[in-house]
Amino acid sequence: MAKMRAMVVHKAGGTLQLEERDIPVPGHDEVRIRVQACGVCHSDALTVEGFMPVRYPRVPGHEVIGLVDAIGASVQGWSVGARAGVGWFGGSCGYCSRCRRDSAFACENVHEISGVTRDGGYATHMIAHVSAVAHVPDDLDTVESAPLLCAGVTTFNALRHTGAGPGDIVAVHGVGGLGHLGIQFAARQGFRTVAVNRGRDKEDLARKLGASDYIDSGAEDPAKALTAMGGATAILATVTDGKAMQAIAGGLGPNGVMMVIGAVGPLTVNSLDLLGKRASVKGWYSGIARDSEDTLQFSQRNGIASMNEIYPFEKAQEAYERMMSGKARFRVVLKMDA
């Protein structure tokens, strides 16, 4: 039987081990993808470190681009050789009350997460539920575009659901793995894009990516600075620091919304700031396959690209450690050699 290779974690806190396995056969409503590239996301720590219930051994990875390699029973709309992408979203049934109300991300029947509840893209091959698979435009670079399947769709999808319109002030809080994409998406969607970050070392980059304004949160109160501009219609909170999020929430304008996409745990916000402005704080799920397709197409048409450090598949452990160090500029991607 033909073999595949996978980077496998066997226990919480374990290291990634290269293994050879039989290539799996897709089941009902499943496709097999020959992986060409997989982003290394901070959320992979949920699997590697065991921060979520995980059945080990497990293959992480949810920023996947590859080619459909085999098709299971009842699958329609796909053919062998088609370009395909898989993100955090692991699939949905399509018929439960949530799916029928455009909330397939919270499907009542399918509770899958790529690289967490089922094996992901740190491998030469993976199986995915067909509803989780996104079509990838032909002329998008495979390796460079892999992070768009998580970091990309998360920022793009959150921004387009803020209610902000062209010319409105949108602050992107944090110029990192999520934020450098958020700035590009915000600028291309016609917002007055304000980058907020501690220090000035990323100001030039933020402006090159499309920011019209820059706030150094280490030198001035970001909430006061945004309020002086008229208040933000939306704040895209990408940082992983709860206190920093709390410090900027007061910069929302009337009816403004802070979209929380950085995982910070408990978050305290002054209710008086919200009540007086009819403002809100909202968490945002990355998106379903349709959202990934929209993200990829928008990126293709508007020249949006992730800034990546690329590692060979065999150096997945090194790549993971680089990502976890916080020193990568800005995403890390595994490239398969076949």
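Keep in mind that what you see is a predicted model, and the values were worked out from it rather than measured. (Residues numbered from 1 in each chain as written. Predicted model: local features only at pLDDT ≥ 70, side-chain atom pairs only at ≥ 80, totals over all residues. Heavy atoms only, no water.)

1. A few points about the pairing of strand β10 (residues 213-216)
Part 1 of the argument: Burial of the side chains of β10 extends over both faces: D213 and I215 are buried on one face and Y214 and D216 on the other.
Part 2 of the argument: Pairing of strand β9 (residues 192-197) with β10 involves 4 bridges; the strand directions are parallel. Looking at β10, one finds that N197 is bridged to D216.
Part 3 of the argument: Once you follow β9 into helix α5 (residues 203-209) and on to β10, the crossover reads as right-handed. (Buried < 20%, exposed > 50% of the residue type's maximum accessible area, 1.4 Å probe, protein only. Helix = DSSP H or I, 4+ residues; strand = E, 2+ residues; numbered from the N terminus. Pairing = 2+ DSSP bridges. Right-handed = clockwise from strand over helix to strand, strands pointing away.)

2. A short note on the packing of aromatic side chains
Part 1 of the argument: Enumeration over the complete set of coordinates arrives at 4 aromatic pairs.
Part 2 of the argument: Relative to Y285, the ring of F105 lies with its centre 5.0 Å away and its plane at 35 degrees, an arrangement referred to as tilted. With a gap of 180 residues between them, F105 in the loop between β5 (83-86) and β6 (125-129) and Y285 in the loop between β13 (280-283) and α9 (289-302) connect regions that are remote in the sequence.
Part 3 of the argument: A relative accessible area of 44% means that F105 is categorised as partly exposed.
Part 4 of the argument: Residue classification places Y285 among the partly exposed residues on the basis of a relative accessible area of 24%.
Part 5 of the argument: With a centroid separation of 5.1 Å and 40 degrees between ring planes, the pair formed by F156 and F298 is classed as tilted. Here F298 lies in helix α9 and F156 lies in helix α3 (residues 151-159), a separation of 142 residues in the sequence. (Phe/Tyr/Trp six-rings, centres within 6.5 Å; stacked < 30°, edge-to-face > 60°.)

3. Description of the packing of α3 against α9
Part 1 of the argument: Their axes nearest at 9 Å, the elements α3 and α9 cross at an angle of 90 degrees. Taken together, the axes of α3 and α9 are roughly perpendicular relative to one another. Residues G152, V153, F156 and N157 of α3 form the contact with α9, whose participating residues are D291, S292, D294, T295 and F298.
Part 2 of the argument: Considering only residue class, the contact of α3 with α9 consists of 3 nonpolar, 4 polar and 2 charged. (Axes fitted to C-alpha atoms, helices over the stretch in contact; angles between N-to-C directions. Parallel < 35°, antiparallel > 145°, perpendicular 65-115°, else oblique. Contact = heavy atoms within 4.5 Å. Nonpolar A, V, L, I, M, F, W, Y, C, P; charged D, E, K, R; others polar.)

4. Describing α9
Part 1 of the argument: With 14 residues, α9 should cover 20 Å at 1.5 Å per step; its first-to-last C-alpha distance of 20 Å lies within 8% of that length.
Part 2 of the argument: Along α9, the positions that sit buried rather than exposed are A289, D291, S292, E293, T295, L296, F298 and S299.
Part 3 of the argument: The inward-facing, buried residues of α9 abut β7 (133-135), α3 and α4 (179-188).
Part 4 of the argument: Backbone geometry just after α9 places G303 at a positive phi near 65 degrees. (Expected span 1.5 Å × (residues − 1).)

5. Describing the sheet that holds strand β12 (residues 252-260)
Part 1 of the argument: Spatially, 6 strands are ordered β10-β9-β8-β11-β12-β13 in an open sheet, and the strand pairing comes out parallel. The open sheet is flanked by β10 and β13, the only strands paired with a single partner. Looking at each pair of strands side by side, their axes are set apart by 20 degrees on average, direction ignored.
Part 2 of the argument: Pairing between strand β8 (residues 169-173) and β9: 5 bridges, direction parallel. Bridged to I169 within β9 is R192.
Part 3 of the argument: Sitting on the sheet, α4 touches β8, β9 and β11 (232-237), and the angle it makes with β8 is about 165 degrees.

6. Description of the environment of L296
Part 1 of the argument: Looking at the element boundaries, L296 is found in helix α9.
Part 2 of the argument: Sequence spacing of L296 and E314 is 18 residues, and the spatial spacing of their C-alpha atoms is 27 Å.
Part 3 of the argument: Sequence-distant contacts of L296, that is, excluding residues within four places in its chain, are made with H135, V136, P137, L140, L148 and L149.

7. Describing the pattern of salt bridges
Proximity of charged atoms lets side chains of opposite charge pair with each other.
Part 1 of the argument: Under the counting rule described, the total for this entry stands at 17 salt bridges.
Part 2 of the argument: A salt bridge links E112 to R118, with the shortest nitrogen-to-oxygen separation between them at 3.9 Å.
Part 3 of the argument: In this structure E112 comes out as partly exposed when scored by relative accessible area, which is 27%.
Part 4 of the argument: Take R118: its relative accessible area is 15%, and that puts it in the buried class.
Part 5 of the argument: The partner of R160 in a salt bridge is D294, with the nearest N and O atoms 3.0 Å apart. Residue R160 is located in the loop between α3 and β8, and its partner D294 is located in helix α9; the two are separated by 134 residues in the primary sequence. (Salt bridge = Lys/Arg side-chain N within 4 Å of Asp/Glu carboxyl O.)

8. Quick notes on the environment of V130
Part 1 of the argument: Here V130 shows up in the loop between β6 and β7.
Part 2 of the argument: In this structure the C-alpha to C-alpha distance between V130 and A289, which are 159 residues apart in sequence, comes to 9.5 Å.

9. Re unusual backbone geometry
Part 1 of the argument: Here the amide bond leading from Y56 into P57 is cis, since omega sits at 0 degrees, within 30 degrees of zero.
Part 2 of the argument: Along the chain, the position of P57 falls in the loop between α1 (45-48) and β4 (64-71).
Part 3 of the argument: The peptide bond linking R329 to F330 adopts the cis configuration, its omega dihedral lying at -5 degrees.
Part 4 of the argument: Looking at where F330 falls in the secondary structure, it is placed in the loop between α10 (316-325) and β15 (331-335).
Part 5 of the argument: The backbone phi angle of D29 is positive, close to 60 degrees, even though this residue is not glycine.
Part 6 of the argument: According to the relative accessible area criterion, D29 is partly exposed, its value standing at 23%.
Part 7 of the argument: One non-glycine residue, S74, adopts positive backbone phi at about 75 degrees.
Part 8 of the argument: Position of S74 relative to the elements: it lies in the loop between β4 and β5.

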